[in-house]
Amino acid sequence: MSDLKLVTWLCQSLDPRHVFAKRPRALSGPVVLSLVQQLGFDMKSDAALKVAWLRDACASLDPKDPVLGHHVVAILRDLQLKLAAIERSPEEHPITHDNDFRILTHILRSIVG
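What this report covers is the structure whose coordinates are included nearby. The structure presented is a predicted model; accordingly, all values stated were derived computationally and were not measured. Positions within a chain are numbered from 1, following the residues in the order the chain's sequence is written. Under the rules for a predicted model, residues below a pLDDT of 70 receive no local features and side-chain atom pairs below 80 are neither given nor counted, while totals for whole chains, interfaces and linings still include all residues. Neither water nor hydrogens contribute to the side-chain values; these are computed over all heavy atoms in the structure.

**Section: the overall build of the chain**
No. 1: Within the chain one finds six helices and zero strands.
No. 2: Helical segments are the DSSP runs of H or I of at least four residues, strand segments are the runs of E of at least two, and each set is numbered from the N terminus. Starting at the N terminus and walking to the C terminus, you meet the elements of the chain as α-α-α-α-α-α.
No. 3: Principal-axis analysis of the C-alpha atoms places the extent of the chain at approximately 40 × 35 × 25 Å.
No. 4: In this scheme, a residue with accessible area under 20% of its type's maximum is buried, one over 50% is exposed, and one in between is partly exposed, where area comes from a 1.4 Å probe on protein chains only. Relative to its full complement of 113 residues, the chain shows a buried share of 41%.
No. 5: The contact definition used throughout considers only heavy atoms, calling two residues in contact when any of these lie within 4.5 Å. Sequence separation of 24 or more characterises 67% of the internal contacts of the chain that already satisfy a separation of 6 or more.
No. 6: Accessible areas in this description were obtained via Shrake-Rupley with a 1.4 Å probe; residue shielding takes into account the shown protein chains only. Counting every atom, the chain has about 6800 Å² of accessible surface; 57% of that belongs to carbon and sulfur.
No. 7: The sign given to each residue is positive for Lys and Arg and negative for Asp and Glu; His and the chain ends receive no count. Lys charges are placed at NZ, Arg charges at CZ, Asp charges at CG and Glu charges at CD. One way to put it: in the chain the 14 positive side-chain charges average out to a point 4 Å from where the 13 negative ones average out.

**Side note on the nonpolar core**
No. 1: Counting residues in each nonpolar core, the largest one holds 30 residues, and the members touching the most others are Val-36, Cys-58, Leu-76 and Leu-83.
No. 2: Looking at this core, the elements that each hand over two or more residues are α2 (16–21), α3 (29–41), α4 (47–60), α5 (69–87) and α6 (99–112).
No. 3: When neighbours within four sequence positions are excluded, Cys-58 is seen to be in contact with Val-36, Leu-76, Leu-79, Leu-104, Ile-107, Leu-108 and Ile-111. Here the nonpolar core consists of buried residues drawn from Ala, Val, Leu, Ile, Met, Phe, Trp, Tyr and Cys, with membership extended through side-chain atoms lying within 4.5 Å.

**Here we look at the packing of aromatic side chains**
No. 1: Two rings from Phe, Tyr or Trp (for Trp, the six-membered ring) form a pair when their centres are within 6.5 Å of each other. A pair whose planes differ by under 30 degrees is stacked, one over 60 is edge-to-face, and the rest are tilted. For the structure on display, the rule yields one aromatic pair.
No. 2: Taking 5.9 Å as the distance between ring centres and 70° as the angle between the ring planes, the aromatic pair formed by Phe-20 and Trp-53 counts as edge-to-face. Placement of the pair is Phe-20 in helix α2 and Trp-53 in helix α4, with a sequence separation of 33 residues.
No. 3: Relative accessible area serves as the criterion here: at 3%, Trp-53 is assigned to the buried category.

**A closer look at the packing of α5 against α6**
No. 1: Whenever a helix is involved, its axis is fitted only over the stretch in contact; in every case the axis is a line through C-alpha atoms, and angles between N-to-C directions fall within 0 to 180 degrees. Close contact between α5 and α6 brings their axes to 10 Å; oriented N to C, the two are set at 140°. The angle between α5 and α6 falls in the class oblique. With respect to the hand of their crossing, α5 and α6 are arranged in left-handed fashion. Residues Val-73, Leu-76, Arg-77, Leu-79, Gln-80, Leu-83, Ile-86 and Glu-87 of α5 touch α6, and the partners they reach there are Phe-101, Leu-104, Thr-105, Leu-108, Arg-109, Ile-111 and Val-112.
No. 2: We call Asp, Glu, Lys and Arg charged. Ala, Val, Leu, Ile, Met, Phe, Trp, Tyr, Cys and Pro are nonpolar, and the rest, Gly among them, are polar. Partitioning the contact of α5 with α6 into residue classes produces ten nonpolar, two polar and three charged. When an angle is under 35 degrees it counts as roughly parallel; over 145 it counts as roughly antiparallel; between 65 and 115 it counts as roughly perpendicular; any other value is oblique. For any pair of crossing helices, the crossing counts as left-handed if the nearer helix is rotated counterclockwise from the farther one by less than a right angle, and right-handed if it is rotated clockwise.

**Considerations on the pattern of salt bridges**
No. 1: By convention in these notes, a salt bridge is any Lys or Arg side-chain nitrogen within 4 Å of a carboxyl oxygen on Asp or Glu. Following the criterion strictly, the structure yields four salt bridges and no others.
No. 2: Among the ionic pairs, Asp-100 bridges to Arg-55, the shortest N-O distance being 2.5 Å. Taken together, the positions of Asp-100 in helix α6 and Arg-55 in helix α4 put the pair 45 residues apart, joining distant regions of the chain.
No. 3: Connected through salt bridges with shared partners, the residues Arg-55, Asp-56 and Asp-100 form a single ionic network.

Here it is as structure tokens:
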């Protein structure tokens, strides 16, 4: 099983709203950042699941974190570019019509610009 398939399988088992609502945080900043990078790698399969997780994961990241901030912005910028490419061909990617997709793109714009 590839790493992305394993991550996707795990995400199918959990609700991102519960994972990211926990205090103290259930996942550290580096783990969340790695999750964003993994889920954003391939949006062709399980897109709705990945977008839901990316929405909550990106919203939980702090671009002003003194240790991770630079990495947060770089990884989210890369994700933003991938989503922009998907938006240019909505007929191939129906996820672009989904509310979670729009929320995710707004979150990315607010962080990355």
